[in-house]
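Fold and geometry: a report
Here are the chains, one letter per residue:
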Amino acid sequence: MQGTETMRRDTAQRRRDTLARLGSERDLWVSTAHPDHGPHQVPLWFLWDGEAVWMCTSANSATVRNVRAEPRVRLALPDAFDVVLLQGEAQCCPAREVPAEAADAFAAKFGWDPRGEEAPYVYLRVVPRTVRAWRGVPELRGRVVMREGVWVE
């Protein structure tokens, strides 16, 4: 288990660490909300392509229904100490219409290609507008590492 003592990282190091995690981790939590039904949160596999997060889920899922009604989403990597939170708007892309580069990379990462499934799947693409990253209380100040889609220097 990781200890909770930490040295405060500067913004550049937080950005590097965040990008490394986005490039290497498998799961994230997706939070959506429907105007009539309220919040909904699920874990999904994800791919970071250097600009956007790609996820895939059933075309009939509550996540897809929510995104179609309200595209604003929050994403979180699953670590309560080394926190990475992303906010943006999700775009729904039917599996057969996803750019080949993204779908091929997703399939290579997970060994599963939703484009070949009989049931319909939808990819969700989120370009982050805000990213927050911190490790413990010492890093709460300055936790915004991306603002309005631009990495903070």
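So, here is what we can say about the structure in this document. The model shown is predicted, which means the values in this text are computed figures rather than measured ones. Numbering of residues starts from 1 in each chain and follows the order in which that chain's sequence is written. Reporting in this predicted model follows two pLDDT cut-offs: at least 70 for local features of residues, and 80 or more for side-chain atom pairs to be given and counted; totals over whole chains, interfaces and linings ignore these cut-offs and use all residues. Derived side-chain values reflect all non-hydrogen atoms in the structure, with water molecules and hydrogen atoms excluded from consideration.

Let us now look at the pattern of salt bridges. When a carboxyl oxygen of Asp or Glu is within 4 Å of a side-chain nitrogen of Lys or Arg, the pair counts as a salt bridge. Counted according to the given criterion, the structure contains 14 salt bridges. Of the charged contacts, one joins E148 and R129 as a salt bridge, the two residues approaching to 3.0 Å between their closest N and O atoms. Here the residue E148 occupies a position in the loop between β7 (144-147) and β8 (150-151), and R129 occupies one in strand β6 (residues 121-135), the gap between them amounting to 19 residues. Three or more residues are tied together by salt bridges with common partners; here these are R9, R14, D17, R21, E25, D82, R135 and E139. In this description a helix means any DSSP run of H or I spanning at least four residues, a strand means any run of E spanning at least two, and both kinds are numbered starting from the N terminus.

Take the nonpolar core next. Counting 26 residues, the largest nonpolar core has L28, F46, V53, M55 and L75 as its most contacted members. Of all elements in the fold, only β1 (27-34), β2 (38-48), β3 (53-58), α2 (62-69), β4 (72-76), β5 (82-94), β6 and β7 reach the threshold of two or more residues within this core. Top contributing element to this core by residue count: β6, with five residues. In this description, a nonpolar core means a group of buried Ala, Val, Leu, Ile, Met, Phe, Trp, Tyr and Cys residues linked to one another through side-chain atoms lying within 4.5 Å. Relative accessible area decides the class of each residue, using a 1.4 Å probe on protein chains only: under 20% of the type maximum gives buried, over 50% gives exposed, and in between gives partly exposed. By size, the runner-up hydrophobic cluster in this structure holds twelve residues, among which are L47, A103, F110 and Y123.

The next point concerns empty space enclosed by the protein. Using a 1 Å grid laid over the protein atoms alone, points where a 1.4 Å probe fits but cannot get out form a cavity; open sets with protein on both sides within 12 Å along at least 5 of 7 lines form a pocket; any residue with an atom within 4 Å of a point counts as lining. Grid points are joined across faces, edges and corners, and a volume is the space filled by probe spheres set on the points. Using the criterion set out here, one finds one cavity of 30 Å³ or more in the structure. In this structure, the largest cavity spans a volume of roughly 30 Å³. Lining the largest cavity we find R9, R14, D17, T18, R21, D82, V84, A133 and R135. At the level of elements, α1 (11-24), β5 and β6 are the ones that each hand at least two residues to the lining of the largest cavity. Ranked by residues supplied to the lining of the largest cavity, first place goes to α1 with four residues. As a working rule, the residues Ala, Val, Leu, Ile, Met, Phe, Trp, Tyr, Cys and Pro are called nonpolar, Asp, Glu, Lys and Arg charged, and the rest polar, with Gly in that last group. For the lining of the largest cavity, the per-class residue count stands at two nonpolar, one polar and six charged.

Attention shifts here to α2. Buried within α2 are the following residues: T63, V64, N66 and V67. Take α2 and look down its axis: the buried residues cluster within an arc of 160 degrees, on one side only. To be clear, the arc concerns the directions from the helix axis to the C-beta atoms.

The next thing to look at is the packing of aromatic side chains. Note on aromatic contacts: the rings of Phe and Tyr and the six-membered ring of Trp form a pair at centre separations within 6.5 Å, being stacked when their planes are under 30 degrees apart, edge-to-face when over 60 apart, and tilted otherwise. Under the counting rule described, the total for this entry stands at seven aromatic pairs. Here the aromatic rings of W54 and Y123 are separated by 6.3 Å at their centres, their planes lie at 75 degrees, and the arrangement is edge-to-face. In this pair, W54 is assigned in strand β3 and Y123 in strand β6, connecting sequence segments 69 residues apart. The exposure class assigned to Y123 is buried, which follows from its relative accessible area of 0%. Between F106 and Y123 the ring centres are 5.5 Å apart and the planes differ by 80 degrees, which places this aromatic pair in the edge-to-face class. Separated by 17 residues along the polypeptide, F106 in helix α3 (residues 100-110) and Y123 in strand β6 bring together distant segments of the chain.

With that settled, the discussion passes to the side chain of D17. As for its position among the elements, D17 is in helix α1. For this analysis, residues touch if any pair of their heavy atoms sits within 4.5 Å. The residues touching D17, leaving out its near neighbours within four places in the chain, are R9 and R135.

So far we have only geometry, and geometry alone does not tell us how the molecule works.
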